[in-house]
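Each chain, letter by letter, is given below.
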Amino acid sequence: MRHGRIALLHLAVVPGDIQRNQYVIVEALKAAAALGGQWIITPELAVSGLQFPQVVGTDWIQPQPDTWTARLYQLVKNLKRTLFLSCPERDGRKLYNSAFVISPNGTILGRHRKIHVVSDSLAWSSAGQDVAPIECDGIKIGLLICSDMYTGDLAERLKSKGARMLISPASWGPGIHGPNGEWELRTRETGLPLFVCNRTGTEKTLDFLKAPSLVVKNGKRLLSHTSDRSAVLSFDWNFTTMTPLSADYTVTYLRV
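Since we're looking at a predicted model, the values are computed, not measured. (Residues numbered from 1 in each chain as written. Predicted model: local features only at pLDDT ≥ 70, side-chain atom pairs only at ≥ 80, totals over all residues. Heavy atoms only, no water.)

Considering the pairing of strand S1 (residues 3–10)
Now for step 1: With six of its eight residues buried, S1 lies for the most part within the structure.
Now for step 2: Alignment of S1 against strand S12 (residues 231–238), held across eight bridges, turns out to be antiparallel. By the bridge assignment for S12, Ile-6 is matched with Phe-235.
Now for step 3: Across three bridges, S1 lies against strand S2 (residues 39–41) in parallel orientation. Counted as the bridge partner of Leu-8 is Ile-41 from S2.
Now for step 4: At this point the chain moves from S1, through helix H1 (residues 18–34), to the parallel S2, and the crossover so formed is right-handed. (Buried < 20%, exposed > 50% of the residue type's maximum accessible area, 1.4 Å probe, protein only. Helix = DSSP H or I, 4+ residues; strand = E, 2+ residues; numbered from the N terminus. Pairing = 2+ DSSP bridges. Right-handed = clockwise from strand over helix to strand, strands pointing away.)

In structure tokens, the structure reads:
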């Protein structure tokens, strides 16, 4: 693929309201597909929110695909799109904060389990063990979740294994422990462009209203958006030169 449209689902996720979040994801996916999005990316834990254990616990988490994600995969197949879905998963006795890449034929191309999980909000999650590029449309991408971008080792390992770009579902807003140049630094260190699909909304002790969804390259933010409501952020990308063809996002707000 030489050119393609990317859609970042910048969603207002409600912690613990699983059915509501699932509904919003489906509506956002359909809206992104209607806008021509070929790669559609959700923020970290789009299904559950970050502080969901305090609301609904963890017993509801199932091995993936569960009943709902199986239906979602069928929708992805019908729409003929590639979906990057971030959600919890169960594997035996362990729970993971995971992101899945779903192909246009509805199958799983690859998965990443978040490795840097030292956080009160993520005490439920076991740490993933490894990283490897995932090939989408002939392009090897490195998938890292939120604070996996905090240090440079994981991004460097992905580059050494052939990744040509980085994608990061995130729930990372400004504040005491907010981002402080990590996204820009990872792109300078690796020379790889980065798509950050962040989120909006608030949780009990967290505020994402100023959390940006970004396109970053060579240490510079090329595209950036924050909002107080759910939106689809679409832009065109040249996969040959690894540069945006759009001067800014096309922002489509959702009525959900």
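Things to note about the packing of aromatic side chains
Two numbers describe a pair of aromatic rings. These are the distance of the centres and the angle of the planes.
Now for step 1: Under the definition given, this model contains ten aromatic pairs.
Now for step 2: Through pairs of rings, three or more aromatic residues link up here, namely Phe-195, Phe-235, Trp-237 and Tyr-249.
Now for step 3: Above the plane of the ring of Tyr-96 lies Arg-113, whose end atom (NZ or CZ) is 4.0 Å from the centre.
Now for step 4: The ring of Tyr-253 carries the charged tip of Arg-229 above its face, separated from the ring centre by 3.8 Å. (Phe/Tyr/Trp six-rings, centres within 6.5 Å; stacked < 30°, edge-to-face > 60°. Lys NZ or Arg CZ within 6 Å of the ring centre and 35° of its normal.)

Some details on the pairing of strand S3 (residues 82–91)
Now for step 1: Of all the ten residues making up S3, eight are buried; the element is thus mostly covered by neighbouring parts of the structure.
Now for step 2: Here S2 runs beside S3; their pairing, made up of three bridges, is parallel. Note on S3: the bridge partner recorded for Ile-40 is Leu-83.
Now for step 3: Both S3 and strand S4 (residues 94–102) contribute to a ladder of nine bridges, which runs antiparallel. Across the sheet, the residue bridging to Asp-91 is Lys-94, located in S4.
Now for step 4: Following S3, the chain reverses through two residues before pairing antiparallel with S4; Gly-92 in that reversal takes a positive phi of roughly 65°.

Considerations on the pattern of salt bridges
Now for step 1: Using the criterion set out here, one finds eleven salt bridges in the structure.
Now for step 2: Between Glu-89 and Arg-111 there is a salt bridge, with its nearest N and O atoms 3.4 Å apart. Residue Glu-89 is found in strand S3, and its partner Arg-111 is found in strand S5 (residues 108–113); the two are separated by 22 residues along the sequence.
Now for step 3: Classification of Glu-89 as buried rests on a relative accessible area of 2%.
Now for step 4: In this structure Arg-111 comes out as partly exposed when scored by relative accessible area, which is 44%.
Now for step 5: Salt bridges sharing common partners tie together Glu-89, Asp-91, Arg-111 and Arg-113. (Salt bridge = Lys/Arg side-chain N within 4 Å of Asp/Glu carboxyl O.)

Examining H1
Now for step 1: An ideal rise of 1.5 Å per residue puts 24 Å on 17 residues; H1 measures up with 24 Å between its terminal C-alpha atoms.
Now for step 2: Along H1, the residues classified as buried are Ile-18, Asn-21, Gln-22, Val-24, Ile-25, Val-26, Ala-28, Leu-29, Ala-32 and Ala-33.
Now for step 3: Against the buried residues of H1 lie S1, S2, helix H3 (67–79), S3 and S12.
Now for step 4: Immediately beyond the C-terminal end of H1, within one or two residues, lies Gly-36, with a positive phi of roughly 95°. (Expected span 1.5 Å × (residues − 1). Contact = heavy atoms within 4.5 Å.)

Things to note about unusual backbone geometry
Now for step 1: The residue after Gln-64, namely Pro-65, is reached through a cis peptide bond having omega 5°.
Now for step 2: Topologically, Pro-65 is positioned in the loop between helix H2 (53–56) and H3.
Now for step 3: Look at Lys-80: it is not a glycine, yet its phi comes out positive at around 60°.
Now for step 4: By the element assignment, Lys-80 lies in the loop between H3 and S3.
Now for step 5: A residue is classified by how much of its surface remains accessible, and Lys-80, at 61% relative accessible area, is exposed.
Now for step 6: The phi torsion at Met-242 lies on the positive side, around 55°, for a residue other than glycine.
Now for step 7: Inspection of the secondary structure assignment puts Met-242 in the loop between S12 and strand S13 (243–244).

A word on the sheet that holds strand S10 (residues 213–217)
Now for step 1: Strand order in the open sheet made by the six strands is S6-S7-S8-S9-S10-S11, with mixed pairing throughout. Looking at which strands have only one partner, the edges of the open sheet turn out to be strand S6 (134–136) and strand S11 (220–225). The mean inter-strand angle of the sheet, taken between neighbouring strand axes irrespective of direction, is 25°.
Now for step 2: Of the pairings in the sheet, the one linking strand S7 (residues 139–143) to strand S8 (residues 165–169) comprises three bridges and is parallel in character. Within S8, the residue paired with Gly-142 across the bridge is Leu-166.
Now for step 3: Against the sheet, helix H5 (residues 182–190) touches S8, strand S9 (194–197), S10 and S11, its axis set at about 25° to S10. (Axes fitted to C-alpha atoms, helices over the stretch in contact; angles between N-to-C directions.)

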